[in-house]
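Working through the structure, step by step
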Amino acid sequence: MFFQINDEDGFLALLNSQQYCSFVDEDWSDEQLMQHFITQMQQKNLLLWQTCDNVDGGFWNIEVIVGIEHPQYGQQFSHDIRVSQGRLDLCCYSDLTMAAQFETIHLPVAQHEQYVIPLENGLYTVTVCKCFEDGEYSFEPMDTDPHFKIYIAPQLLDGLSWINKIPWSRYY
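Residues numbered from 1 in each chain as written. Predicted model: local features only at pLDDT ≥ 70, side-chain atom pairs only at ≥ 80, totals over all residues. Heavy atoms only, no water.

Turning next to the pattern of salt bridges. Inspection of the entire model under this criterion finds one salt bridge. The shortest N-O distance in the salt bridge between D89 and R87 comes to 2.5 Å. Looking at R87, the relative accessible area reads 23%, which means it is partly exposed. (Salt bridge = Lys/Arg side-chain N within 4 Å of Asp/Glu carboxyl O. Buried < 20%, exposed > 50% of the residue type's maximum accessible area, 1.4 Å probe, protein only.)

Dropping the structure here:
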């Protein structure tokens, strides 16, 4: 599967929209929101990462590979996520923050419902691989080289569920 998703804020996410608790507070703080994200990752409902430093956003090319082992990349991380209702959703930070602020916003938002990864229900290990060096990426409209490769495989070993910071983020 291949997706091109717009990210205006420097973060992307995979989420189980059925189990993810989106609302935080109408007046949330950055620290409060990031702690909420970390808690949701620990509960295996969310996987959030910073795309890169010093970017105002752009279109990221995401390649999703399901059910196979992945090659080693220089920059990668793995985390477990639970699938229910037969899907995970790829999501941008703007959608997460809107849902965090307004109880009436439900994820995925209507204009991003096409970013669906169909999977059998269960527990999966997801490995996100960054395919570029910071500062060496392109947002050319015709560019089809992936910026990130996401490998999704049924969970084989327990133990990847604890996370205490946002991957690749200097601040959280």
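Text resumes after the structure shown.
Taken in spatial order, the five strands line up as β1-β4-β9-β8-β5 in an open sheet, and their pairing is mixed. Each of the sheet's edge strands pairs with one partner strand only, and the pair in question is β1 (2-7) and β5 (75-83). On average, adjacent strands in this sheet sit at an angle of 25° to one another, irrespective of strand direction. (Pairing = 2+ DSSP bridges. Helix = DSSP H or I, 4+ residues; strand = E, 2+ residues; numbered from the N terminus. Axes fitted to C-alpha atoms, helices over the stretch in contact; angles between N-to-C directions.)

So, about the packing of helix α1 (residues 30-42) against helix α2 (residues 93-101). Look at α1 against α2: their axes get within 12 Å of each other, and the N-to-C directions meet at 105°. Taken together, the axes of α1 and α2 lie roughly perpendicular to each other. Counting all contacts with α1, which are made through L33, M34 and F37, the residues of α2 involved are Y93, L96, T97 and A100. When its residues are assigned to classes, the contact of α1 with α2 shows six nonpolar, one polar and no charged. (Parallel < 35°, antiparallel > 145°, perpendicular 65-115°, else oblique. Contact = heavy atoms within 4.5 Å. Nonpolar A, V, L, I, M, F, W, Y, C, P; charged D, E, K, R; others polar.)

So, on to the nonpolar core. In terms of nonpolar packing, the biggest core is built from 26 residues, with I62, I150 and I152 touching the most fellow members. Listing elements by their share of this core, those giving two or more residues are β1, β2 (11-15), β3 (46-50), β4 (58-66), β5, β6 (87-92), β8 (122-130) and β9 (148-154). Here I62 is in contact with M1, F2, F3, I5, L12, L90, F148 and I150, once residues within four sequence places are set aside. One finds L15, F37, Y93 and L96 within the second-largest nonpolar core, a separate group that totals 21 residues. (Core = buried A, V, L, I, M, F, W, Y, C linked by side-chain atoms within 4.5 Å.)

Looking now at unusual backbone geometry. With an omega dihedral of -5°, the bond running from L107 to P108 counts as a cis peptide bond. The phi dihedral of K44 falls on the positive side, at around 65°, and the residue is not glycine. As for its position among the elements, K44 is in the loop between α1 and β3. Its identity is not glycine, yet Q85 carries a phi of approximately 60°, on the positive side. Looking at where Q85 falls in the secondary structure, it is placed in the loop between β5 and β6.

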